[in-house]
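Residue strings, one per chain:
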Amino acid sequence: MCGIVGYVGDQQCAPILLDGLKRLEYRGYDSAGTAIYDGAGIDVRRAVGKLRNLEKAIDEAKPQGSVGIGHTRWATHGRPSEVNAHPHLIGDVAVVHNGIIENHLALRARLVERGATITSDTDTEIVAHLIDQRVREGADIEAAVRGALGEVRGAYALAVLSAKEPDRLVVAKSASPLVLGLGEGEAFCGSDIPALLPYTRDMIFLEDGEMAVLERGKATITTLAGAAVERAPQRIDWSPVMAEKAGFKHFMLKEIHEQPRAMEDTLRGRLDRENGDIHGLEIGLSDEDARGIERVYLLACGTSYHAAMTGRYLIERLAKVPATVEIASEFRGRDPIIGPGDLVVAVSQSGETLDTLIAAKEAKSRGAKVLAIVNVIGSAIPRAADAAFYTHAGPEIGVASTKCFTTQLANLLMFSVWLGRRRGALDADQTRALVEDMARLPHLMRDVLLGTRQLVANLAKRYNEARDVLFLGRGMSFPIALEGALKLKEISYVHAEGYAAGEMKHGPIALIDSSVPVLVLCPKDPWYERTLSNLQEAKAREAMVIAIATEGDEEVRDVAHDLVEIPEVRTELTPFLTVLPLQLYSYYVADFKGTDVDQPRNLAKTVTVE
Ligand code: G6P
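Residues numbered from 1 in each chain as written. Predicted model: local features only at pLDDT ≥ 70, side-chain atom pairs only at ≥ 80, totals over all residues. Heavy atoms only, no water.

Caption draft 1: A look at the state of the cysteines. Across all of its chains, the model carries 0 disulfides by this definition. For C404, which is in no disulfide, the shortest distance to another cysteine sulfur is to C301 and amounts to 15 Å. The buried category is assigned to C404, whose relative accessible area is 0%. (Disulfide = S-S within 2.5 Å. Buried < 20%, exposed > 50% of the residue type's maximum accessible area, 1.4 Å probe, protein only.)

Right under this line is the structure:
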């Protein structure tokens, strides 16, 4: 899982490559490198650690040239080191790669037998050797890449530069993301849209099993077998400013505060307030399909899994359809009983998480219909699905997901209401009331963020030394408790557990003493009374209890040490509001600790390995 970028044009490419890599650093940040054709040969610069180390190396060397490739790495094969960093230059051929070549050991053995000297531990160097061999035998670079890819098995997005044909780049894709960009007299490639946004908005999504030759102002696409592919560029309307920090200290904080706007964009055009209904156009299901669904499977990983868990409650509550939620990597492994009649909802911010992608494909191959709830347009999961219902959160750069989580909840809620109405589980009045309440969400979220920010920052400061933190919730607040704990773990490295409040007495209660903050989600909902009992049990064991509760709840105010209030809303909307103080809490704890909030250690934004 890495980020790649490439440029061919007339501008100096080092700054363009570095700028693209900065936007891709979220994909991995243990080493980085560039390869630039400088008129005589290929100049390679590589550096271990964050991108600023590469920047320094390039600043000193000042490589000149207008065709080049770059890479930011997240180690899969071989530890982070300069020799394992990309690009790999073999003979006249430089290669950057994102993905995993599965048969690299067999290929390596064969190359060594034929006398090749392999210096790194990476699977990528093997590909560079395979291409170089063909170039040395007289093949042009396009044919050499095509031939080499005929030998490899696995996942890749590749960009290749040859000193013999320095006016072009050859790129190829299988299972890892790759976007092409076209400008006036120039062409780009990158792992995602934001890497290219400052330079062009005209983009082409390469499909699996395709390659392209990039020349100035031109991309010629073919299949790996050599058949021509015609694909017009799509215009992307994300502005580069949307991908900047906009004055916030971290992307994560900016993205937390962007949630009201992201919610507005996600609801826009979907809520049919005139008729008190949800527009179903993008869901890809007819009303008859909706009535025929026997069961819904929700599949996801990480934060998206917590959105999917909440989605299960929403679907069962509002549409009265049995719903199962599963971690994508577990679903795949257990030969699931699934087929026609089942609807799979694959939830993913990036649309590239490999486990979710493979699980969705597997479900589809068994006859289930697949609906993707995804943020990144044109990514792999929606392409593999029957329909895509996009969240419109805009680019999310912070590794810890925030605005994409709440917009996923929005799509899951809209889907549940749409389904419930079609199946007769909701009548016209209920549907209209839900639609009206949903329309208030951006405004309510803005109020909660502004109203709780300072209080939560103070709490984070007070409890910032805690070594263990417990998050409790029942019903629809249970996944939010898990999400609160995940956020804290991810960015502040504090041990945190999310628990169904009713389970507390079956284990986690043993952890509680006066040093443990316990955050209890207890909004006024059908689970309120029982959660309150659990809150009291925690208090009785001397925990520091922070309650996230409904405004004006005097009972909770009396018991909890600290109280964060959210406005009174219907049960289905509580997760949208209770999660906000939890996101802020983890952000401020991490910020007080001084951790790398946007790029926490060992994590990556998009996980395209199994
Ligand atoms: C990584 C990210 C998480 C994300 C998860 C699933 O672990 O760090 O923030 O929730 O992948 O990603 P997806 O793109 O499928 O939502």
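Here the narrative resumes, following the displayed structure.
Caption draft 2: Spatial organisation of the packing of aromatic side chains. This structure, assessed with the given rule, holds 6 aromatic pairs. Here the aromatic rings of F188 and Y199 are separated by 5.5 Å at their centres, their planes lie at 25°, and the arrangement is stacked. With a gap of 11 residues between them, F188 in strand β10 (residues 186-190) and Y199 in the loop between α6 (193-196) and β11 (202-205) connect regions that are remote in the sequence. A ring pair is formed by Y297 and F331, whose centres lie 5.7 Å apart and whose planes are at 65°; its orientation type is edge-to-face. Taken together, the residues Y297 in strand β18 (residues 295-300) and F331 in helix α11 (residues 328-333) connect sequence positions 34 residues apart. Assessed through its relative accessible area of 4%, Y297 is described here as buried. (Phe/Tyr/Trp six-rings, centres within 6.5 Å; stacked < 30°, edge-to-face > 60°. Helix = DSSP H or I, 4+ residues; strand = E, 2+ residues; numbered from the N terminus.)

Caption draft 3: Quick look at the site of the ligand. Surrounding the ligand, one finds 13 residues, the nearest of these being S304, S348, Q349, S350 and T353. The side chain of S348 places a nitrogen or oxygen atom 2.6 Å from an oxygen atom of the ligand. Element by element, the count of residues in the shell around the ligand is highest for helix α10 (residues 302-319), at 3 residues. Per-class residue counts for the shell around the ligand are 4 nonpolar, 8 polar and 1 charged. (Near = heavy atom within 4 Å. Polar contact = N/O pair within 3.5 Å; in protein donor to acceptor, adjacent residues only side chain to side chain. Nonpolar A, V, L, I, M, F, W, Y, C, P; charged D, E, K, R; others polar.)

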